[in-house]
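For reference, the chains in residue letters:
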Amino acid sequence: MPGVAIAVDLDGVLADTRPLWHAWLEDASRRARVEFEVPEDREAAAAVLDEALGDWRPLLARFAADRAPVWIRPRAETNSALRRLSAGGARIGVFSDAPRELVEIALAHAGAARQVEVVGTLADVQAALGGEVVVVRLRKELAGLR
């Protein structure tokens, strides 16, 4: 797919980061001795955490780096598809509502970081890749791209 731009849903295709996110929220709540009422949307949750915890991102990064192997493993078929598409000239971005620290750790543990050019929200990735962007939300959709 020379010249094609592909936006891949992190949680739907590469690595479901929600279990790790929820485990971190539970751990952070316990450590800070504060009950967090955070929205399901993690972009909105970030604003709540900014107010409740201040500089929480390094805590998330450390927690995720230590525990990512429990929840995130490379998938040979998925990584093979990403390598094939990238070698064929496709530009690949990954989108998620997860904090960037969590996204980057998930990509590294999933074995997909090298093929990814841009990370952000879907709108960020589409803007960075420009033009027509194929949005991939499921593994089988990625496998079907040629």
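Scroll up a little and you will see the structure.
Worth saying up front: this structure is predicted, and the values here are computed from it rather than measured.

Caption draft 1: Summary view of the nonpolar core. Core analysis: the largest hydrophobic core is formed by 41 residues, its most contacted members being Ile6, Val8, Leu14, Trp21, Trp24, Leu107 and Leu142. Of all the secondary structure elements, the ones that give two or more residues to this core are β1 (5-9), α1 (10-14), α2 (18-32), α3 (42-53), α4 (57-71), α5 (76-87), β2 (91-95) and α6 (100-110). Looking at which element gives the most residues to this core, the answer is α6, with 6 residues. Core analysis: the next-biggest nonpolar cluster, separate from the first, contains 7 residues, Ala5, Ala7, Phe95 and Val133 among them.

Caption draft 2: Representation of the sheet that holds strand β3 (residues 118-120). Ordered by their spatial adjacency, 4 strands build an open sheet running β3-β2-β1-β4, and the pairing between neighbours is parallel. Across the chains shown, the open sheet's two edge strands, defined by having one partner strand only, are β3 and β4 (133-136). If you compare each strand with its neighbour and ignore which way they point, the axes differ by 20 degrees on average. The pairing of β2 with β3 spans 3 bridges and is parallel. Opposite Gly93, over in β3, you have Val118 as the bridge partner.

Caption draft 3: Focus on α5. In this model α5 runs 16 Å from its N-terminal to its C-terminal C-alpha over 12 residues, within 8% of the 16 Å that 1.5 Å per residue would give. For α5, the set of buried residues is Thr78, Asn79, Ala81, Leu82 and Leu85. One face of α5 carries all of its buried residues, which in axial projection span an arc of 155 degrees. Turned more than 90 degrees away from the buried face of α5 sit Ala76, Glu77 and Ala87, all of them exposed. Following α5 by one or two positions, Gly89 adopts a phi angle in the positive range, close to 100 degrees.

The rules we used
Residues numbered from 1 in each chain as written. Predicted model: local features only at pLDDT ≥ 70, side-chain atom pairs only at ≥ 80, totals over all residues. Heavy atoms only, no water. Core = buried A, V, L, I, M, F, W, Y, C linked by side-chain atoms within 4.5 Å. Buried < 20%, exposed > 50% of the residue type's maximum accessible area, 1.4 Å probe, protein only. Helix = DSSP H or I, 4+ residues; strand = E, 2+ residues; numbered from the N terminus. Pairing = 2+ DSSP bridges. Axes fitted to C-alpha atoms, helices over the stretch in contact; angles between N-to-C directions. Expected span 1.5 Å × (residues − 1). Arc of directions from axis to C-beta.

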